[in-house]
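One letter stands for each residue in the lines below.
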Amino acid sequence: MTLDEVFHHVDTLDGDPWPTIEELAASGDHSLVPPVQAALERYLDEHNWYGRDLMAYILAGLRGTAAFPLLLRAFARPLRDDRDDLCAWLADIMQADPADCRPTVLSFIAAEHRDLRAAGLWALGYLIQPRDIEVLQQALSDADPQIRRAALGSLTSLKSDMRAYQLVLSALHDRDDETRQSAVLHLRWFADPDAVNHLLPLTRDTALHVRSALGETIGHLLVDADHRPHATAALLSLLVDPEPQVRAGAAHGLGNLGGPLDALQHHASDPDQHVRAAIAVALAKNAGPSLTATLRILASDTSAAVRADLATALGDCDWPGVQPLIAALSQDPDRTVRARANVALTRIS
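Our subject in this report is the structure included herewith. Please read all numbers here as calculations on a predicted model, not as lab measurements.

Parameters and conventions
Residues numbered from 1 in each chain as written. Predicted model: local features only at pLDDT ≥ 70, side-chain atom pairs only at ≥ 80, totals over all residues. Heavy atoms only, no water. 1 Å grid on protein atoms, 1.4 Å probe; cavity = no way out; pocket = protein on both sides within 12 Å on 5 of 7 lines; lining within 4 Å. Points joined across faces, edges and corners; volume = space filled by probe spheres on them. Helix = DSSP H or I, 4+ residues; strand = E, 2+ residues; numbered from the N terminus. Nonpolar A, V, L, I, M, F, W, Y, C, P; charged D, E, K, R; others polar. Buried < 20%, exposed > 50% of the residue type's maximum accessible area, 1.4 Å probe, protein only. Salt bridge = Lys/Arg side-chain N within 4 Å of Asp/Glu carboxyl O. Axes fitted to C-alpha atoms, helices over the stretch in contact; angles between N-to-C directions. Parallel < 35°, antiparallel > 145°, perpendicular 65-115°, else oblique. Contact = heavy atoms within 4.5 Å. Polar contact = N/O pair within 3.5 Å; in protein donor to acceptor, adjacent residues only side chain to side chain.

**Some remarks on the layout of surface pockets**
Inference 1: If you add up the space inside the largest pocket, you get close to 650 Å³.
Inference 2: Lining the largest pocket are 28 residues; nearest its centre among them are Arg83, Trp122, Gln146, Arg149 and Ala150.
Inference 3: For the lining of the largest pocket, the secondary structure elements donating two or more residues are helix H5 (68-76), helix H8 (114-124), helix H10 (145-155) and helix H12 (177-187).
Inference 4: Taken together, the residues of the lining of the largest pocket break down into 12 nonpolar, 9 polar and 7 charged.

**Quick word on the environment of Met55**
Inference 1: Relative to the helices and strands, Met55 resides in helix H4 (residues 49-63).
Inference 2: Under the relative-accessibility criterion, Met55 is labelled buried at 0%.
Inference 3: When the C-alpha atoms of Met55 and Val33 are compared, they prove to be 9.6 Å apart, with 22 residues separating the residues in sequence.

**Observations concerning the pattern of salt bridges**
Inference 1: Counting across every chain of the model gives 19 salt bridges.
Inference 2: A salt bridge links Arg114 to Asp115; the nearest nitrogen and oxygen atoms lie 3.9 Å apart.
Inference 3: Taking relative accessible area as the criterion, Arg114 reaches 39% and is therefore assigned partly exposed.
Inference 4: Within the structure, one salt-bridge network assembled from shared partners comprises Arg52, Asp53 and Asp81.

**Observations concerning the packing of helix H3 (residues 33-45) against H5**
The axes of two packed helices give the description: the angle between them and the distance between them.
Inference 1: Contact geometry of H3 with H5 gives a least axis separation of 11 Å together with a crossing angle of 10°. Regarding the angle of H3 to H5, the classification is roughly parallel. Note on element contacts: H5 touches H3 through Leu70, Leu71 and Ala74, opposite Gln37, Leu40, Glu41 and Leu44.
Inference 2: In terms of residue class, the contact of H3 with H5 is built from 5 nonpolar, 1 polar and 1 charged.

**A short note on the side chain of Thr156**
Inference 1: Within the fold, Thr156 resides in the loop between H10 and helix H11 (162-171).
Inference 2: Given a relative accessible area of 12%, Thr156 falls into the buried group.
Inference 3: Of the polar contacts made by the side chain of Thr156, one reaches the backbone oxygen of Gly153; its length is 2.6 Å.
Inference 4: In this structure Thr156 touches His186, Trp189 and Phe190, once residues within four positions along its chain are discounted.

Take a look at the structure:
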């Protein structure tokens with residue numbers, strides 16, 4: 001497959017282009033750079049994230065650090081995809097040559113266009129230096145919530161710096177719902193048990209996605225004996241929230257915290273299957289003789305999704321009593337449940 005055939009593949013999706021993509025990226029043939037760059041721009045204009053990724057991979061291989069400014073600019077163009085592959089390739093370049101990449105990142109942060117600034121702030125997390133706290137503090141006061149959220153992501157790269165922790169705490173009071181949610185999610189990286197006290201007021205937040213982020217974050221904090229009562233109370237209040245998404249998050253948090261398990265068992269018949277699945281996973285993490293009856297009920301839940309998630313979670317248990325449960329799930333009428341259970345059996349055997 002030649003480069004022209006790769007272009008044809010992007011249009012038709014015929015065949016597997018990756019052997020050729022990898023060969024072109026490693027070829028050292030710089031005559032390929034102009035047509036690949038032109039194709040990259042074309043795919044960006046067409047909002048074709050798949051074509052963008054293939055061209056980005058080739059350029060990263062051919063030019064390395066020299067391709068970084070162009071690829072970071074491509075990253076800044078929103079195409080409504082997760083950009084995971086592009087993120088990974090940019091991260092590889094930055095980690096290989098941080099000194100050469102840093103000036104580009106700082107120039108993006110200083111740009112007027114918000115997408116460029118957001119991309120620069122995201123990339124700064126890979127090249128972070130203690131003095132960058134001032135840049136991030138300024139970004140957190142930006143009028144654009146996209147910029148504030150991008151700054152929060154990079155602050156987690158300074159998780160041992162109390163100044164960064166305080167800035168994330170301040171964002172819990174941001175006027176923008178999504179920024180508050182982002183602050184909740186990023187707070188877990190600092191693992192400070194005192195963060196529980198700052199999260200408690202958000203259990204009454206009017207925004208669903210803020211409340212839904214609280215459960216797992218609280219469950220991931222290093223909660224000590226002094227803070228555990230507050231953490232438990234917060235999670236129990238979220239477990240009876242009107243919104244299923246919030247209740248599911250609370251169940252995950254209680255599972256990570258190790259209980260109270262009786263509360264999780266009490267809610268194992270929640271009307272929403274996603275909540276029941278979260279409770280099944282939470283109880284499986286803490287499986288023991290006292291939970292056997294509830295786990296059996298969940299193993300026969302009317303939702304295949306609940307049974308499948310339970311099967312996977314049971315595969316991580318070190319309690320021998322889970323084996324009969326997994327064996328029963330391996331005979332489940334649903335194909336996905338059987339497959340998950342069979343994998344779980346291999347993991348505990």
